[in-house]
Amino acid sequence: DQVPDLEDYNRQAYLRIVRALKDLTRLSPGQTGSNTQGVLILGEAGTGKTHLLMRVARNLAETNHILFIRKPNNEDAVAQHIWANVVSSLARTIPAKTSVRSQLDDLLAHVFSRVLIPEFEQDIRDDKDADQKRRWVARLQEDPYNLFNMLGEGERRQDNMDRIRKRTLKYLQFTHPDVDQTIARVLITYCFVVREDRKRVLLTWLAGQDVDETEAKDLGLPPSWVTLNETSGDASTQQQREDQALRAIRTVGILSTYYQPLILAFDQLEGLRDQPRLTHKWGDAVREIFTMAPNFLVITCIFPSLWETWFSPTLDQSVSERIAQQVVTLD
């Protein structure tokens, strides 16, 4: 949303976030080591914590896509809650863009270009449609999103989409075995699908919800995230969903190394006060993200008194130290 802003207001805090993102961008593309960093924003009510995140979204989301995470409510599904919010944010359009491209479209366009440009350049060296391939390389280098305008129409478009999807998945499988192939395939399919009803089904599945068997088959999906059998209990089924959610978050982090770091923003966490089990579960999920998912800047906004009296003493030290790797206190 467009909101009034004043550049000097919380300027130093904003610049700290910008510097933290630049530190992350020094990594080489495709690097998957754990480089995720945390910034803790402390501020009393009315000092501008949420406003600061809005400025970050407006100014930085064109390159550093921002993922807003609300407070979880189910202590047994915290990772799935975080992932569902990630999916919702990725599906939103980029605030600074006048086009309708979503954050996910923009992110995956860079991954596609990373895979396709070397192949086109090899074709140029082999003199296979060299002039056309030079034009394609130039357009992708100008803006990777141009890919979606280069696919053609009808059957040609479908063939090109299938070819790009297969090439990209094969590349990811060989280069990054930690990428979940099913999650990656559905993310890629979402970018290519035009019909809104199909996009809704894909988003529903990505968020971890079961979908209708007929719709799933039409899109080449399993109806459910989880595999059930006679011995599957509620606890084991839910743990499958949590593990899959963490793999999905790691997958998006790896994909983002081909573009720019992602901003994972936790705000309005006051409701976790006096809920020790939910707080611990939230902390455990965040620690897993720090440990296994690359290329995130995790921003956590909390009241100073709440951090001192609840989060810091309640969370495991390994969690609180990572969340507060950098601390910014708003005036």
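Quick summary incoming for the structure in this document. (Residues numbered from 1 in each chain as written. Predicted model: local features only at pLDDT ≥ 70, side-chain atom pairs only at ≥ 80, totals over all residues. Heavy atoms only, no water.)

### Remarks on the overall build of the chain
Move 1: Each helix and strand in the chain was counted, giving 13 helices and five strands.
Move 2: Counting only C-alpha atoms, the chain reaches 65 × 60 × 35 Å along its principal axes.
Move 3: Expressed as a percentage of the 331 residues in the chain, the buried residues total 51%.
Move 4: Counted over contacts in the chain with a minimum sequence separation of 6, partners at least 24 positions apart contribute 72%.
Move 5: When the accessible area of the chain is evaluated, it comes to approximately 16100 Å², of which 46% is carbon and sulfur surface.
Move 6: Taking the average place of the 41 positive charges on the side chains of the chain and the average place of its 46 negative ones, the gap between the two points comes to 4 Å. (Helix = DSSP H or I, 4+ residues; strand = E, 2+ residues; numbered from the N terminus. Buried < 20%, exposed > 50% of the residue type's maximum accessible area, 1.4 Å probe, protein only. Contact = heavy atoms within 4.5 Å. Areas by Shrake-Rupley, 256 points an atom, 1.4 Å probe, with all protein chains shown as cover. Lys, Arg positive; Asp, Glu negative; His and termini not counted. Charge placed at Lys NZ, Arg CZ, Asp CG, Glu CD.)

### Looking at the packing of helix H4 (residues 103–125) against helix H6 (residues 154–175)
Move 1: The contact between H4 and H6 brings their axes to 10 Å, and the two run at 95°. Viewed along their axes, H4 and H6 adopt a mutual orientation that is roughly perpendicular. Between H4 and H6, the contacting residues are Val111, Phe112, Arg114, Val115, Leu116 and Glu119 on the first element and Ile164, Arg167, Thr168 and Tyr171 on the second.
Move 2: Of the residues belonging to the contact of H4 with H6, the class tally is six nonpolar, one polar and three charged. (Axes fitted to C-alpha atoms, helices over the stretch in contact; angles between N-to-C directions. Parallel < 35°, antiparallel > 145°, perpendicular 65-115°, else oblique. Nonpolar A, V, L, I, M, F, W, Y, C, P; charged D, E, K, R; others polar.)

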